[in-house]
Protein chains: 2
Amino acid sequence: MNRDEMLNAIRTRMPEKRYVHTLGVMDTAIRLASVYDEVEKDAEIAAILHDVVKYADRDWMKQTIIDQQMDPNLLLFHHELWHAPVGAYVAQYEFGVTNQNVLNAIRYHTTGRAHMGTLEKIIFCADMIEPNRQFPGVDELRQHDEQGLDALTKLCVKRSIQYLVQKNQPVYPDSIHCYNDLVTRKENE
Amino acid sequence: MNRDEMLNAIRTRMPEKRYVHTLGVMDTAIRLASVYDEVEKDAEIAAILHDVVKYADRDWMKQTIIDQQMDPNLLLFHHELWHAPVGAYVAQYEFGVTNQNVLNAIRYHTTGRAHMGTLEKIIFCADMIEPNRQFPGVDELRQHDEQGLDALTKLCVKRSIQYLVQKNQPVYPDSIHCYNDLVTRKENE
């Protein structure tokens with residue numbers, strides 16, 4: 001499946017605004033891949049598919065998490081988190097993606113996790129800073145995107161945690177593991 | 001050991017400023033205990049002993065964590081966290097405290113945890129809002145201290161997480177479990 005075929009396949013599954021966001025993530029991820037020595041084609045595929053089930057039926061996602069024996073704690077958290085691991089499942093079994101880096105980049109694009117690989121960080125950050133995103137502080141994040149991928153990822157996960165805590169929303173533990181991993185590394189440098 | 005004997009026993013182990021803080025925690029904890037139907041004597045003992053090893057030798061604390069098979073992850077985090085679980089150990093084996101509520105209130109007074117008991121919440125909050133504490137926002141916390149112990153605890157743990165993230169300091173997972181527990185309860189109310 002080439003780029004256009006894959007884009008056509010996901011376009012019918014989401015509102016136009018989300019499709020435009022996906023194109024923004026794709027362009028940003030490819031640019032970051034070129035800066036940080038990642039395979040651009042992998043960044044492209046992960047970006048196109050990262051929100052593939054964002055608007056899928058919630059009950060089906062719940063059942064998929066159970067049937068595929070994903071982390072059962074996901075079900076205790078907001079359903080907004082489910083589309084990332086379920087998206088990785090669909091990428092693998094419907095789109096035939098076998099590259100584990102691509103699958104993990106989709107799987108952890110919402111929460112992050114400790115010890116993320118380069119492609120995971122790229123999709124996690126691209127999702128937050130792509131040009132269509134608008135929220136207070138997004139320009140500060142964008143300005144950091146060539147100061148090192150760890151620095152950018154750290155800022156993005158900090159922003160995510162601070163936003164959730166401010167809104168009294170639960171924080172999935174993987175986000176704290178991601179944050180702790182990055183601030184501890186910095187301390188050790 | 002009565003109150004004065006216990007205060008004399010801890011006074012020699014800390015700078016005067018920390019002793020004054022301990023007295024503040026004691027007064028605040030006793031007041032909160034009277035408001036929230038907790039045993040005031042338990043609040044008094046937990047407060048007096050909560051920082052008993054705050055200035056103990058760091059290598060000895062580290063060895064105690066290993067020898068007593070406490071959570072080994074503690075050693076991956078800032079030593080500032082160690083005095084709470086090690087303090088519970090000293091309260092038990094040196095001061096003869098056997099009440100598990102008191103020991104847990106000392107053990108979790110720095111991080112919090114999910115499903116804290118009343119006394120745990122009281123010591124956790126009293127440690128943050130006692131009259132000698134001065135930091136931006138402390139008055140807002142103090143104003144919440146009769147709006148329900150869960151509401152106060154939630155604000156205190158939020159403040160703790162936000163402070164750490166702002167300072168690029170690691171967040172011990174128990175604090176996120178504590179936070180998630182309290183914001184999820186609120187959603188379910």
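Refer to the structure above for everything that follows.
An account of the accompanying structure is given in this report. These figures come from a predicted structure and were not determined experimentally.

So, the pattern of salt bridges
Working definition: two side chains of opposite charge can pair if their charged atoms are close together. Residues and elements named next belong to chain A. Per the stated rule, a full pass over the model turns up 24 salt bridges over all chains. Note that D51 and R18 form a salt bridge whose closest N and O atoms lie 2.9 Å from each other. Highlighted residues: D51 in the loop between α3 (40-49) and α4 (58-67) and R18 in helix α2 (residues 16-35), separated in sequence by 33 residues. Exposure remark for D51: the relative accessible area of 2% places this residue in the buried category. Given a relative accessible area of 15%, R18 falls into the buried group. In this structure, R185 engages D150 in a salt bridge whose closest nitrogen and oxygen atoms are separated by 3.3 Å. Note that R185 is positioned in helix α10 (residues 173-188) and D150 in helix α9 (residues 149-166), a separation of 35 residues in sequence. Note on R185: relative accessible area 27%, which makes it partly exposed. Within the structure, one salt-bridge network assembled from shared partners comprises K121, D150, D181 and R185.

Describing helix α1 (residues 3-11) of chain A
Residues and elements named next belong to chain A. Among the residues of α1, those classed as buried are M6, L7 and I10. Along the long axis of α1, the arc covered by the buried residues comes to 100°, so they all point the same way. For α1, exposure combined with an orientation more than 90 degrees from the buried face picks out D4 and N8. Considering only its buried residues, α1 is in contact with α2 and α3. Here α1 starts with a cap whose side-chain oxygen sits 3.1 Å from the backbone nitrogen of D4, and that cap is N2.

Details of the nonpolar core
Considering soluble globular proteins, one finds that nonpolar side chains tend to be buried as a cluster. I10, L49 and I161 of chain A together with I10, L49 and I161 of chain B are the most contacted members of the largest nonpolar core, which totals 126 residues. Once residues within four sequence positions are removed from consideration, I10 of chain A is found in contact with Y19, T22, I48, L49, V52 and F95 of chain A.

As for the interface of chain B and chain A
If you look at the interface, chain B gives 20 residues, while chain A gives 20 residues. Inspection of the chain B/chain A interface yields 0 salt bridges. Linking chain B with chain A are 10 residue pairs in polar contact (both at pLDDT 80 or more). Within the residue set of the side of chain B that touches chain A, elements represented by two or more residues are α9 (149-166) and α10 (173-188) of chain B. Among the elements that line the side of chain B that touches chain A, the one with the most residues is α10 of chain B, at 8 residues. Taken together, the residues that form the side of chain B that touches chain A break down as 10 nonpolar, 7 polar and 3 charged.

Observations regarding the packing of helix α2 (residues 16-35) of chain B against helix α7 (residues 118-129) of chain B
When two helices pack together, you describe them by how their axes are tilted relative to each other and by the distance separating the axes. Residues and elements named next belong to chain B. Two elements in contact, α2 and α7, have axes separated by 8 Å at closest approach and are oriented at 130°. Considered as vectors, α2 and α7 are oriented oblique to each other. Regarding α2 and α7, the two cross each other, and that crossing is right-handed. Side by side, α2 and α7 meet where H21, V25, T28, A29, L32 and A33 of the first sit next to I122, I123, A126, D127 and I129 of the second.

Brief notes about the packing of aromatic side chains
All names here are of chain A. Enumeration over the complete set of coordinates arrives at 4 aromatic pairs over all chains. Ring centres of F77 and Y172 lie 5.0 Å apart, and the angle between their planes is 85°; on these two criteria the pair is classed as edge-to-face. Pair noted here: F77 is in the loop between α4 and α5 (83-93) and Y172 is in the loop between α9 and α10, with a separation of 95 residues, a long-range link. Owing to a relative accessible area of 7%, Y172 belongs among the buried residues under this scheme. Stacked on the ring of F135, the Lys or Arg R159 has its end atom at 3.9 Å from the ring centre.

With respect to the relation of the copies chain B and chain A
For the pair chain B and chain A, the relating rotation is 180°, the translation along its axis is 0.0 Å, and the fit reaches an RMSD of 0.0 Å. As the rotation angle and translation indicate, the two copies are arranged about a two-fold axis. Both copies present the same face, since 100% of the interface residues in chain B are matched by interface residues at the equivalent positions in chain A.

So, the environment of L141 of chain B
Residue and element names in this part refer to chain B. Topologically, L141 is positioned in helix α8 (residues 138-143). Counting along the chain gives 12 residues from L141 to T153, while the straight-line C-alpha distance between them is 9.2 Å. Beyond its immediate chain neighbours, meaning those up to four positions away, L141 contacts M128, I129, F135, L152, L155, C156 and R159.

Considerations on unusual backbone geometry
All names here are of chain A. Phi is positive for Q69, which is not a glycine, with a value near 55°. Counting through the fold element by element, Q69 comes out in the loop between α4 and α5. Judged by relative accessible area, Q69 falls into the exposed class, the value being 71%.

So, the environment of R58 of chain A
Residue and element names in this part refer to chain A. Of note, R58 is situated in helix α4. Judged by its relative accessible area of 46%, R58 is partly exposed. C-alpha of R58 to C-alpha of M116: the two residues are 58 residues apart in sequence and 27 Å apart in space. Those residues in contact with R58 that sit more than four places away from it in its chain are H79 and W82.

Observations regarding the side chain of K121 of chain A
Position of K121 of chain A among the secondary structure elements: in helix α7 (residues 118-129). Not counting residues within four places of it along the chain, the set of residues in contact with K121 of chain A comprises M116, L149, D150, T153 and R185 of chain A.

Cut-offs and rules
- Along each chain, residue indices are assigned from 1 in the same order as the chain's sequence is written.
- Numbering of ligands from 1 and lettering of chains from A proceed in the order in which they are written.
- Predicted model: local features are reported for residues with pLDDT of at least 70 only, side-chain atom pairs are reported and counted for 80 or more only, and whole-chain, interface and lining totals are derived from all residues.
- In computing side-chain properties, one takes all heavy atoms of the structure into account and sets aside hydrogens as well as water.
- We define a salt bridge as a side-chain nitrogen of Lys or Arg found within 4 Å of a carboxyl oxygen belonging to Asp or Glu.
- Secondary structure is summarised from DSSP: a helix means a run of H or I of at least four residues, a strand means a run of E of at least two, and numbering begins at the N terminus for each.
- Burial classes follow relative accessibility: with a 1.4 Å probe on protein chains only, a residue under 20% of its type's maximum area counts as buried, one over 50% as exposed, and anything between as partly exposed.
- The arc refers to the directions leading from the helix axis to the C-beta atoms.
- When checking whether two residues touch, look at their non-hydrogen atoms; a contact exists if any pair is within 4.5 Å.
- Two N or O atoms form a polar contact when they lie within 3.5 Å of each other; inside protein one atom must be a possible hydrogen donor and the other a possible acceptor, and for residues adjacent in sequence the pair counts only when both atoms belong to side chains.
- In these notes, a set of buried Ala, Val, Leu, Ile, Met, Phe, Trp, Tyr and Cys residues joined through side-chain atoms within 4.5 Å is what counts as a nonpolar core.
- Each residue is assigned to one of three groups, with Ala, Val, Leu, Ile, Met, Phe, Trp, Tyr, Cys and Pro labelled nonpolar, Asp, Glu, Lys and Arg labelled charged, and all others, Gly among them, labelled polar.
- With axes taken as lines fitted to C-alpha atoms, and helix axes fitted only over the stretch in contact, angles between N-to-C directions fall between 0 and 180 degrees.
- Angles are sorted into four bins: roughly parallel if under 35 degrees, roughly antiparallel if over 145, roughly perpendicular if 65 to 115, and oblique for all others.
- Crossing handedness: left-handed means the near helix sits turned counterclockwise from the far one by under a right angle, and right-handed means the same turn made clockwise.
- Aromatic pairing here means that ring centres of Phe, Tyr or Trp (its six-membered ring) are within 6.5 Å. Orientation follows from the plane angle: under 30 degrees is stacked, over 60 is edge-to-face, and everything else is tilted.
- Charge-over-ring contacts are defined here by two conditions on Lys NZ or Arg CZ: a distance within 6 Å of the ring centre and an angle within 35 degrees of the ring normal.
- To superpose the copies, least squares is applied to the C-alpha atoms of every residue with a pLDDT of at least 70 in both.

Structural measurements only, silent on function.
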